[in-house]
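Listed here are the chains, written in short residue letters.
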Amino acid sequence: MTPRPSPRRTASDTAPAKNAPEEPARGSGRGARSRPPAGEATARTEPAAGPDTAHPSDPRPPAPRAEAAAPARAARPARSRAAKPKAGDGVRAAAPLGEEDRGRLLGGAHHDPHGLLGAHPVRDGVLIRALRPYATAVTVLAKGLRAELLPEGDGLFAGVLPAGQIPEYELEVAYADTTVTVQDPYRFLPALGELDLHLLGEGRHEQLWHALGARTMDHQGATGTRFTVWAPNAQGVRVVGNFNYWDGTGFPMRSLGSSGVWELFLPGIGEGELYKFEITRPDGSRTVRADPMARRTECPPATASVVVESHYRWEDADWMARRADRPVHQAPFSVYEVHLASWRPGLTYRQLAAQLPAYVKDLGFTHVELMPVSEHPFGGSWGYQVTGFYAPTARMGTPDDFKFLVDALHRAGIGVLMDWVPAHFPRDDWALAEFDGRPLYEHSDPSRAAHPDWGTLEFDYGRTEVRNFLVANAVYWCEEFHIDGLRVDAVASMLYLDYSREDGGWTPNVHGGRENLDAVAFLQEMNATVYRRCPGVVTIAEESTAWSGVTRATHEVGPDGFGGLGFGLKWNMGWMHDSLVYVSKEPVHRKYHHGEMTFSMIYAYSENYVLPISHDEVVHGKRSLVSKMPGDWWQQRANHRAYLGYMWAHPGKQLLFMGQEFAQGAEWAESHGPDWWLLEPSYEAEPDHRGVRDLVRDLNRGYTAAPALWERDTDPAGFSWIDGDASEDNVFAFARFAADGSPLISVTNFSPVVRHAFRLGVPDEIPAWREILNTDEVRYGGSGVGNGEPLKAEPTPSHGRPASIAPTLPPLATLWFRPA
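Residues numbered from 1 in each chain as written. Predicted model: local features only at pLDDT ≥ 70, side-chain atom pairs only at ≥ 80, totals over all residues. Heavy atoms only, no water.

## Examining the overall build of the protein
- A count of helical and extended segments in the protein gives 19 helices and 36 strands.
- Evaluated residue by residue, the protein yields a buried proportion of 62% over its 820 residues.
- Within the protein, contacts between residues separated by at least 24 positions form 74% of all contacts whose residues are at least 6 apart in sequence.
- Here the protein displays about 29,900 Å² of accessible surface, and carbon together with sulfur accounts for 50% of that area. (Helix = DSSP H or I, 4+ residues; strand = E, 2+ residues; numbered from the N terminus. Buried < 20%, exposed > 50% of the residue type's maximum accessible area, 1.4 Å probe, protein only. Contact = heavy atoms within 4.5 Å. Areas by Shrake-Rupley, 256 points an atom, 1.4 Å probe, with all protein chains shown as cover.)

## Some points on helix H10 (residues 464-480)
- Taking 1.5 Å of rise per residue, the 17 residues of H10 would be expected to cover 24 Å, and the 23 Å separating its terminal C-alpha atoms lies within 8% of that figure.
- Burial within H10 is extensive, with 13 of its 17 residues counted as buried.
- Downstream of H10 by a residue or two, His482 has a phi angle that is positive, lying close to 60 degrees. (Expected span 1.5 Å × (residues − 1).)

## Digging into the nonpolar core
- Counting residues in hydrophobic clusters, the biggest one holds 177 residues, and the most contacted among them are Phe227, Leu340 and Phe402.
- Here the element with the most residues in this core is H10; it accounts for 10 residues.
- Ignoring anything within four residues of it in the chain, the contact list for Phe402 reads Leu340, Tyr349, Leu370, Val373, Pro392, Trp477, Phe481 and Ile483.
- Val126, Ala130, Leu150 and Phe157 belong to the second largest nonpolar core, which has 21 residues in total. (Core = buried A, V, L, I, M, F, W, Y, C linked by side-chain atoms within 4.5 Å.)

## What about the side chain of Glu607?
- Tracing the backbone shows Glu607 in the loop between helix H16 (600-603) and strand E27 (609-613).
- Despite being buried, Glu607 has no salt bridge partner; Lys570 is the closest side chain of opposite charge, sitting 4.8 Å away.
- Among the polar contacts listed, one links the side chain of Glu607 to the side chain of Thr551, at a separation of 2.5 Å.
- Residues in contact with Glu607, not counting those within four places in the same chain, are Trp547, Ser548, Gly549, Val550, Thr551, Arg552 and Lys570. (Lys, Arg positive; Asp, Glu negative; His and termini not counted. Salt bridge = Lys/Arg side-chain N within 4 Å of Asp/Glu carboxyl O. Polar contact = N/O pair within 3.5 Å; in protein donor to acceptor, adjacent residues only side chain to side chain.)

## Let's talk about the sheet that holds strand E17 (residues 334-338)
- Strand order in the closed barrel made by the eight strands is E17-E18-E21-E24-E25-E26-E27-E28, with parallel pairing throughout. In this sheet, adjacent strand axes meet at a mean angle of 25 degrees when their direction is disregarded.
- Two strands pair when backbone bridges link them, and E17 and strand E28 (residues 653-657) are joined in this way by four bridges, in the parallel orientation. Its bridge partner lying in E28, Tyr336 is registered against Leu656.
- Lying on the sheet, helix H7 (residues 356-363) is in contact with E17 and strand E18 (367-370); it crosses E17 at an angle near 145 degrees.
- Sheet strands touched by helix H8 (residues 399-411): E18 and strand E21 (415-420). Its angle to E21, the strand with the most contacts, is close to 135 degrees. (Pairing = 2+ DSSP bridges. Axes fitted to C-alpha atoms, helices over the stretch in contact; angles between N-to-C directions.)

## Let's talk about the sheet that holds strand E10 (residues 222-230)
- One open sheet holds the four strands; their spatial order is E9-E10-E13-E12, and the pairing between them is antiparallel. Of all strands in the sheet, those bounded by a partner on one side alone are strand E9 (213-219) and strand E12 (254-255).
- Where E12 and strand E13 (residues 261-267) come together, two bridges link them in antiparallel fashion. The partner of Arg254 across the bridge, within E13, is Glu263.

## A look at the pattern of salt bridges
- In total, this model carries 40 salt bridges according to the counting rule given.
- Close ionic contact of Arg204 with Glu525 constitutes a salt bridge, the shortest N to O distance being 3.4 Å. Taken as a pair, Arg204 in the loop between helix H3 (194-202) and E9 and Glu525 in helix H12 (residues 517-533) lie far apart in primary sequence, 321 residues in all.
- As a salt-bridge pair, Arg487 and Glu542 come within 3.3 Å of each other at their nearest N and O atoms. Here Arg487, found in strand E24 (residues 485-488), pairs with Glu542, found in the loop between strand E25 (538-541) and strand E26 (569-571); they are 55 residues apart in sequence, far enough to count as distant. Judged on exposure class, the residue Arg487 and its partner Glu542 are both buried.

## Topic: unusual backbone geometry
- In this structure, the amide linkage connecting Pro300 to the following residue, Pro301, adopts the cis form with an omega of 15 degrees.
- By the element assignment, Pro301 lies in the loop between strand E15 (286-289) and strand E16 (305-306).
- With phi around 60 degrees, Tyr245 is a residue other than glycine that occupies positive phi space.
- What makes Tyr245 buried here is its relative accessible area of 11%.
- Its identity is not glycine, yet Ala757 carries a phi of approximately 50 degrees, on the positive side.
- Relative to the helices and strands, Ala757 resides in the loop between strand E31 (743-749) and strand E32 (760-762).

Keep in mind that these numbers describe shape and distance, not what the molecule does.
See the structure below:
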């Protein structure tokens, strides 16, 4: 797990607080503001600097920052006191709102604005009330009816119409310089169904993104957008956006009972609109928050959410139909890890789709693994501090653009894995932290909420709705974006209550142990749900401890009393650490560390493993893979090649981070990505780097063509040491076996000398062996020592076998042999 930079505070929401202007009384002679809200503006210009920027055509200062607002009653503008209006056009004055209801409504702290606004039957007619700040007049239009409502001050207009039942009506709203006709949002029933609310309450809404967030729809004959948000501690919630000049006064949402969900359907609002939620906290203060369920966001550093619907038409039906044909642990699985923003800096998702699939396919990798693509405010976190869990980062395009990239990879035969980060989230005050004024997504116990390593907050996995938010998020990426696998980041930090905490800084679980039982239950639920809903998808744990049963089925209880976590694969951090320690030593010292290379086979079948040489190993002073190697430049590259050959033959799947496939000498930096100039023909040492890349291509092709290297990765019968004790020679030799018993032999000489006629015992009944891979070939940058002719098996016993061969072992090289 990489130590990650602290999240940067973004520049959004920094406008100075202003007092809201007094609402002018109709006919008072003061210039009324022409600010048509939702669905009323004939043309809109999105703010350039952020969601709280005033509309360019609006001379009035920006709307006040919600965080700076006083409690509701004090924040309400002074009420205009015009002369008492007279009834006309058959409209009678409505009974005035009570002071409490009026204050809560105008202060953004009312749980049921639909009970006050819209149309309601009363004695002798229908009462219609509208809240239209800055309007000079509001008129009800219905079939055979035109009735002007009476002003009540503060943007409220009301009247009792002489009608026997509530008509189908619209509102004609007049401003100082324009008049518009709009639907009344407060005439609509809730657009969220009872089943959705039931599933939300149970924490079992597996497609949560269909229920919460912003959804365009047709509702009761009108086209618009339904806004929903979970904020159970809020006194009130209002929608703000570019469509209402970031002033939510006229757009309060209703609370849907005990669910904690707030809802408002806004007719006339469609795709591309920017929005946030203005939340009145329990103490009466306000905060403006991005939508936790936003499926699209502004490009950072701007932080608004964006109304979006997908129009993408997938073309990967063949891939999706075939991806579940073979269990992943019995299939070839060679992964190229990519940080999209820096692989080719400046490219969009669609531009990447024109280059990345072809590059990965040419090198023979079966999958790419994308470092987190979920929206995040600080690029230097590499995506590991997420604020938009349901939105691909806008830095490279739209959600449909990201789908285009995934589709292109699938059509090239490349699976797509994605890093997923349910362990923690940053503290940015426009995002999830204390979302509705109290701990909501984070644990209520500060010692449980604060992540000690990264300055972030940990999720409260014991809260039903939070667990639902995360489980549905895992499903979302797999179903909506056709992601083939989730590599779950920082699992160890989730599993242990004492992770990175000193004695006395944590509280044991109910059994007195250090295990986070809520996190265990969450991971089991997530894995079970993903595997049930998404055939062919694999989940992969970055888990750095010896937790038992990471890749065991959730219903199988182990000796520790826990069911398995249910992952498909686990990163083998122990192999990574031990093998890198070994190869970093000078060859003369390697014999003292021989056991660090053989130790991995003691536990190789305890889990289903991936062997990762990831981004974590080539940053923060750890040096690139080739730079970890001892010796001069030739020896470094030879070690690098030998190590990759050994890794590709070792039981387990493979993962290699970008830039290491051509032996980049510098550490990776997200600011500029791989050093592609090393592969320019004009560069003198270009053949050295191209040779390593050619080897990676041949490793992948040889690996995919040899079932012995992947078919029995999780079966001890698929591996046998030939010589695991040759510490004085720095040699490792073993055999791999396919399901049908066909063998492959891998021999690695980690010493810088040629070893002639190095005798190796081989499986019986195979008369001759052919060298199919040699990392010392000249075309890879090697010395060209090898075994050009097939090696006949001799009846000379060796290593407990009756037959043997005596190949020449090149210096610092790996050889693969198959039956001739």
